[in-house]
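Listed below are the residues making up each chain.
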Amino acid sequence: MLRLITPLLMILSLGVRAQLAHGGTPLDWGSASGQRASIQALALDTLGAVERQASLDTTIGPKGYQFGTQRIMDADIVAVGTWTELENGYRVCRYTLRSPGAIMMSVQFSAFHPAWGGQLFVYDEARTQFLGAFTVQNERPDGLFATAFLPGDAITIEYQEPLGAAPGQVQVSSITHAWRSIFPADNAEQRDFNPGYQSAPCQINVACPVAAAWQAQSRSVVWYVMPSGVSCNGTLLNNTLQNGTPYFLIANHCYQPTEAQWVFYFNYQSPTCVGDTGQTVQTITGSVLRAASYYKDFCLLEMSNAPPPSFNPYYAGWDHGGAAPQSGACISHPLSDVKKIAFYSTTATTAISADIGVECWKVYWSNGLLESGSSGAPLFDQNKRLVGHIADGDQTCATASTVPTLGSKFSVNWDGASPSARLRDWLDPANTTLALNGYAPYAVPSSVAVRVQAILEGPYVQAQGLMTSALNDAGILPLSEPYTAMGYVHHGGGGGESTTQAVLNTTGATRIVDWVVVELRDKNDPATVLATRSALLRRNGTIVDVNGTSDVTFQGRASDQYYVAIRHRNHLGIMTASAQALSTTATLINLTNASVGVRGGTDATTSISGVRCLWSGDVNMNGEVKYTGQNNDRDPILTRIGSVMATAQYNGYTVEDVNMNGNVKYTGTGNDRDAILLNLSGAQNGVRTGYLP
């Protein structure tokens, strides 16, 4: 069940920074002299069983996993610490905090304003691990800061600043005393002292072979801990700008209004299929709340900083269309364990959570399971896009396939009364994208090449078996693609392509006829355009990139299956009937004959002596050819020539030039009006509709 906690608070708008270290080491690090130093210390009382039990959350189901408790204190480190002046022009302040019985500890600061040149370090009592240096680059306007965990029940805070510098502020407000640890023992493969709280033995590490296809998505799942000693899961999400803004989706029932001091752990996972130990050094501290809904159980935060290249982050894709996912996976940190994966292989159904009525996807696991602490973990569909996040459901190895899990629907969370209560304003400000693939900002750029052949009916000359290049011959073919200016919306980095006059000067069968648009569409949803590219059409029908010779290349697209569609500014577009396998090596997709099926079959094109051609006459690019009625294609021809004398003509590069000879005519030999009527078999009231979804 959901854990009912504080609803959405006022959204903060702070410029914030991450817990990224900025070089340096603590004083005398690695030497015995540093360990012998006498340092002021604060020892808290022993955490009693009653206090520990009081902090435990006993709610059943996936939720924040309690592994520690927050202990409030007030320590002005600059005032109470032990100061030492050094010969190098610096002075150093050190102070030790001890919480007896803690397995690991983290520190929260209510004021962190170091001097210019100042550095803060935090290290364990054995001086085996340290965090920092933290500097003014880590400073937030509100002064809040926190550190990741270090092992043991005592940690030392060391603050260094130049002599004569304006005094810095380093104020501790609390520590998190953890009675369970994420750190391995020195001499064991399993974590710490194996206290018996590892997740179930039937859990699956993300390093296992069965999860090989989900490695990118795994990098989007992040474990985070709060000062209260509670941890949950969340997902780094892509946005339509694909600019790496670190938006982070969690379950609202995990939210506590201390997000400025949350610590986010990236890639906390075992490097092997068997094991419970993972690295814990890749962390970011702090976030800002952007949107939330108590009754939909979601929160969207923005992390203080984007994860750096060393974290190799992945921003997960998503789908808010609302179609039931057919299969998929969930990746989580159950019981604060290293990252695990669970799979479902049957279609999800709609369910309503029993407590506050959250609309969810209900799934049953075919492999793996979920346990406490998995709240907020992503529910991915068969396309590896996020369609929900975990809100309810908890299994054992015996009930993994019979007890369901509920995931709050991403599609429901997409809209709301205001930007602070919905996702779309942050992930897709234009609200034009139904589904978006993931984004790997530091991955080696991938690409696919498309070799396609198509013929336009308008300029096709049957006797030659080629199209005419009249527009090019007349010198009116533009060097830049015309589609953006016509209102066509490009996707995936397309648009703005241009070529050179040398390319247009090519002669013979490879001479350029016009610009076209090549679209790559989703293999599972051909209505979703993933990427577009303006390209050049030769007389023989081959479509080439702007250099006039190369296959059309789509950067940033992975080798996969795609529907391939061709658009032209005054012809009905066509698309392959099935998704085509594309990679860096192109294979010809010949749309001029029956070797490759097209959506709509024989009606989608016109056959001229066995050559399949795109229907001409869609002058207004609305996907229809019409001779009369509203939005017909005949009237624009008359308008183009002046709408005064039907015998007038217009010379130029324009969509009303249906036969593409550079001359717009309404009457007479070779006029553009008759071509529209002929494609309707003479039926003036007829309509020919294209088959692009």
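An account of the accompanying structure is given in this report. (Residues numbered from 1 in each chain as written. Predicted model: local features only at pLDDT ≥ 70, side-chain atom pairs only at ≥ 80, totals over all residues. Heavy atoms only, no water.)

### Remarks on the overall build of the protein
The number of helices and strands found in the protein is ten helices and 46 strands. When the backbone C-alpha atoms are referred to their principal axes, the protein occupies close to 100 × 60 × 45 Å. Within the protein, buried positions represent 57% of all 693 residues. Partitioning the contacts of the protein with sequence separation of at least 6, the portion at a separation of at least 24 is 71%. In the form shown here, the protein has an accessible surface area of approximately 26,300 Å², with 51% of it arising from carbon and sulfur atoms. (Helix = DSSP H or I, 4+ residues; strand = E, 2+ residues; numbered from the N terminus. Buried < 20%, exposed > 50% of the residue type's maximum accessible area, 1.4 Å probe, protein only. Contact = heavy atoms within 4.5 Å. Areas by Shrake-Rupley, 256 points an atom, 1.4 Å probe, with all protein chains shown as cover.)

### A closer look at the state of the cysteines
If you walk through the whole model with that rule in mind, you get three disulfides. The disulfide that involves cysteine 202 links it to cysteine 397, with 2.1 Å between the sulfurs. Disulfide cysteine 202-cysteine 397: the torsion about the S-S bond is -105°, which places it as left-handed. Taken as a pair, cysteine 202 in the loop between β12 (169–178) and α4 (215–218) and cysteine 397 in the loop between β26 (386–392) and β27 (405–409) lie far apart in primary sequence, 195 residues in all. The exposure class assigned to cysteine 397 is partly exposed, which follows from its relative accessible area of 37%. The partner cysteine of cysteine 208 in its disulfide is cysteine 273, sulfur to sulfur 2.0 Å. In this structure the cystine formed by cysteine 208 and cysteine 273 twists about its S-S bond by roughly 95°; its chirality is therefore right-handed. Of the two residues, cysteine 208 is situated in the loop between β12 and α4 and cysteine 273 in the loop between β16 (263–265) and β17 (283–285); the sequence distance between them amounts to 65 residues. (Disulfide = S-S within 2.5 Å.)

### Considering unusual backbone geometry
At the junction of glycine 132 and alanine 133, the peptide bond is cis and its omega measures out at 10° in the coordinates. Here alanine 133 shows up in strand β8 (residues 130–134). One non-glycine residue, glutamine 242, adopts positive backbone phi at about 45°. Of note, glutamine 242 is situated in the loop between β14 (230–237) and β15 (247–250). Look at glutamine 242 and you get partly exposed, because its relative accessible area is 34%. Its identity is not glycine, yet leucine 335 carries a phi of approximately 55°, on the positive side. The residue leucine 335 is located in the loop between β21 (328–332) and β22 (340–344) in this model.

### Observations regarding the nonpolar core
Counting residues in each nonpolar core, the largest one holds 40 residues, and the members touching the most others are Leu97, Phe109, Ile157 and Val172. Per-element tally for this core: the top contributor is strand β6 (residues 104–113), with five residues. The contact partners of leucine 97, leaving out residues within four places of it in the chain, are Leu42, Met73, Met105, Val107, Asp153, Ala154, Ile155, Ile157, Val172 and Ile175. Membership of the second largest hydrophobic core comes to 34 residues, among which are Val448, Leu530, Ile574 and Leu582. (Core = buried A, V, L, I, M, F, W, Y, C linked by side-chain atoms within 4.5 Å.)

### Considering the sheet that holds strand β42 (residues 611–614)
Ordered in space as β30-β42-β41, the three strands form an open sheet in which the pairing is mixed. In this open sheet, the two edge strands, each paired with only one partner strand, are β30 (455–456) and β41 (605–608). (Pairing = 2+ DSSP bridges.)

### Digging into the pairing of strand β36 (residues 552–555)
Of the two faces of β36, only the one carrying Val552 and Phe554 is buried; Thr553 and Gln555 on the other face are not. Judged from the four bridges that link them, strand β29 (residues 447–453) and β36 form a sheet pairing that is antiparallel. Residue serine 447 lies in a different strand from β36, and its bridge partner there is glutamine 555.

### A closer look at the environment of valine 611
Position of valine 611 relative to the elements: it lies in strand β42. When the C-alpha atoms of valine 611 and glutamate 457 are compared, they prove to be 9.6 Å apart, with 154 residues separating the residues in sequence. Excluding residues that lie within four positions of it along the chain, valine 611 makes contacts with Ile455, Tyr460, Thr592 and Thr606.

### Overview of the environment of threonine 628
Residue position: threonine 628 is located in the loop between β43 (624–626) and α9 (635–641). Separated by 59 residues in the primary sequence, threonine 628 and valine 687 place their C-alpha atoms 8.9 Å from one another. Of note is the side chain of threonine 628, whose polar atom sits 2.9 Å from the backbone oxygen of glutamine 684. Looking at threonine 628, its side chain comes within polar contact range of the side chain of asparagine 685, at 3.2 Å. (Polar contact = N/O pair within 3.5 Å; in protein donor to acceptor, adjacent residues only side chain to side chain.)

### Focus on the pattern of salt bridges
For the structure on display, the rule yields 22 salt bridges. Glutamate 125 serves as the salt-bridge partner of arginine 98, at 2.5 Å between the closest nitrogen and oxygen. Within this pair, whereas arginine 98 is found in strand β5 (residues 90–98), its partner glutamate 125 is found in the loop between β7 (119–124) and β8, the two being separated by 27 residues in sequence. Each member of the salt-bridge network shares a partner with another, and the members are Arg98, Glu125 and Asp153. (Salt bridge = Lys/Arg side-chain N within 4 Å of Asp/Glu carboxyl O.)

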